[in-house]
Amino acid sequence: MVNGWRFIAQRALSAEFLDWDVPLALSANPKRALSGPGSLNATIEPEYARLIGPDSSPILQEWGTKLYLEVDGEIRWGGILTKAAYDGAKMSIECEGLTSYPHGIPYEDHLVSGELITPPDPYEGKDKNHDGYIDFTNPKRPVPEPPKPYAGPRIDAFVAFRRIWEHVLTRPYGDIGIRVDSHNLGRLLGAEDGSDPWELAWWNNPDCGQAIDQLTRDMPFDWIEDHAWGPEHRTVEHRLRLGTPRLGRKRNDLRFADGENIAAIAKPEGVGDEYANEVVVLGSGEGRAMARAQLHSFDGQRLRRVATVTDKTLASPEALRTRGQQELTGRTQALQIPAIQVVDHPNARFGSWALGDDIRVQVHVPWVGDVDVWHRIIGDELSADGTCVLSLKRSDSFHY
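Below: a short report on this structure. (Residues numbered from 1 in each chain as written. Predicted model: local features only at pLDDT ≥ 70, side-chain atom pairs only at ≥ 80, totals over all residues. Heavy atoms only, no water.)

## Digging into the side chain of S395
Mapped onto the secondary structure, S395 falls in the segment after strand 23 (387–394). One polar contact links S395 to D358, side chain to side chain, over a distance of 2.5 Å. (Helix = DSSP H or I, 4+ residues; strand = E, 2+ residues; numbered from the N terminus. Polar contact = N/O pair within 3.5 Å; in protein donor to acceptor, adjacent residues only side chain to side chain.)

Below, the structure is given as structure tokens:
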């Protein structure tokens, strides 16, 4: 075990601590992700007899054990064991963040925002001779126009996000202890006129994890899974932080540069064959009635290239434009550095950054020259060798 590092095991449901120093050997560095669960893979060899809990059950159980990486007294990674494999005396485990749990859990209720409501017509059937007047009135009274449909109540995107999580956590044996931030995003789901309601209905067999991912993508917004010690280290508190809509900030106080704190960079990448400066989004409906949006971003230097995206879940003009802008931004970005390996350095001490932060990356790229571009941290992987890998995307590829 690395000095200052330890892995801690806890029962997923009872929250009972089972082992304060699980003898894991990492197969891959623990990874955190922006708007994602992150992962941790490790092995144990040989078999340890002490890895049996006080309830006589194995300490390491698929979907039954929470694992934490503590570094110098702080929890730097947390999640749940989702898969175990055995090869003789060697045990391999795969863990994912707690936010992976809703995937595969069905939504068994009905949640709707902006439902189109058609009021009953009180005069329906009262003009049986179809002369335009109410039957048996004297003098004749014309039949009024039927009431117009209208949109029902609309809910904030974060309210829907919390309602899905509440559904997951309140099912039998489903409370993994995570608590979701309580503020609102300020954007209501569904069209204002009821033409495109947002809906989760049990009869469509929606998946809670997929619904959460789609909300995150379509709005869009950020979230981060956090784990920290509670009072007196007796509990671990799990928080799902929500952005409004973004998390992180521009870090003018940090510096990441070749020859200083950057030890290595991943192969720089452009968009290549994926480049497009015009995007067509095809949504719900068929034929001429199909919902459609078209966006472009011409710079006067490059030829027109078109990408077509089909997503039948999209109906409103706003949803179509949001999806198209996401696609367009990603396909027109210039050179980016997908990852950098950094060392602990006064330029940027470990733990000084947060997922979602924008950092200035200064590196030399052969055939390109010096690159000085702002990137956003979308993931990090802490290594036992004293380095950390930051996963990056160009800051200008985000439009929210």
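## A word on the pairing of strand 19 (residues 306–310)
Along strand 19, the buried face is formed by A307 and V309; none of V306, T308 and T310, which line the opposite face, is buried. Bridge count for strand 17 (residues 278–282) against strand 19 is five bridges, and the pairing is parallel. Its bridge partner being in strand 19, V281 is matched across the sheet by V309. (Buried < 20%, exposed > 50% of the residue type's maximum accessible area, 1.4 Å probe, protein only. Pairing = 2+ DSSP bridges.)

## As for the side chain of E381
In this structure, E381 sits in strand 22 (residues 369–382). Buried charge E381 goes without a salt bridge, the closest partner of opposite sign being K31 at 4.2 Å. Apart from residues lying up to four places away in sequence, E381 is in contact with N29, P30, K31, T387, C388, V389 and S391. (Lys, Arg positive; Asp, Glu negative; His and termini not counted. Salt bridge = Lys/Arg side-chain N within 4 Å of Asp/Glu carboxyl O. Contact = heavy atoms within 4.5 Å.)

## Examining the sheet that holds strand 14 (residues 236–242)
Spatially, the three strands line up as an open sheet ordered 11-14-13, and their pairing is mixed. Where the open sheet ends on each side, the last strands, each with one partner, are strand 11 (178–180) and strand 13 (223–229). Here the average twist between neighbouring strands, direction ignored, is 25°. With three bridges connecting them, strand 11 and strand 14 associate as parallel partners. Of the residues in strand 14, the one forming a bridge with R179 is R239. (Axes fitted to C-alpha atoms, helices over the stretch in contact; angles between N-to-C directions.)

## Focus on the packing of helix 1 (residues 157–170) against helix 2 (residues 208–218)
In the contact formed by helix 1 and helix 2, the axes pass within 10 Å of each other and the chain directions differ by 165°. Looking at the two axes, helix 1 sits roughly antiparallel to helix 2. Judged by the twist between their axes, the crossing of helix 1 over helix 2 is left-handed. In this structure, helix 1 contributes A157, A160, F161, I164, W165, H167 and V168 to the contact, and helix 2 contributes C208, A211, I212, L215 and T216. A per-class count over the contact of helix 1 with helix 2 returns ten nonpolar, two polar and no charged. (Parallel < 35°, antiparallel > 145°, perpendicular 65-115°, else oblique. Left-handed = near helix turned anticlockwise from the far one by under 90°. Nonpolar A, V, L, I, M, F, W, Y, C, P; charged D, E, K, R; others polar.)

## Describing the state of the cysteines
Counted by the stated rule, this structure contains zero disulfides. No disulfide involves C388; its sulfur sits 19 Å from the nearest other cysteine sulfur, which is in C95. Residue C388 is classed as buried on the basis of its relative accessible area, which comes to 2%. (Disulfide = S-S within 2.5 Å.)

## Quick notes on the environment of S113
Checked against the element boundaries, S113 lands in strand 8 (residues 110–113). Under the relative-accessibility criterion, S113 is labelled buried at 0%. Residues S113 and L240, spaced 127 residues apart in sequence, show a C-alpha to C-alpha distance of 23 Å. In contact with S113, other than residues within four places in its own chain, are P153, R154, I155, L189, G190, P197 and W198. Among the polar contacts listed, one links the side chain of S113 to the backbone nitrogen of I155, at a separation of 2.8 Å.

## Comments concerning empty space enclosed by the protein
What the rule picks out here adds up to one cavity of 30 Å³ or more. Its volume calculated, the largest cavity comes out at about 80 Å³. In terms of lining residues, the largest cavity is bounded by P30, R32, L69, R76, W77, D380, L382 and C388. Looking at the lining of the largest cavity residue by residue, the classes come out as five nonpolar, no polar and three charged. (1 Å grid on protein atoms, 1.4 Å probe; cavity = no way out; pocket = protein on both sides within 12 Å on 5 of 7 lines; lining within 4 Å. Points joined across faces, edges and corners; volume = space filled by probe spheres on them.)

Note that all results are geometric; they support no functional claim without further evidence.
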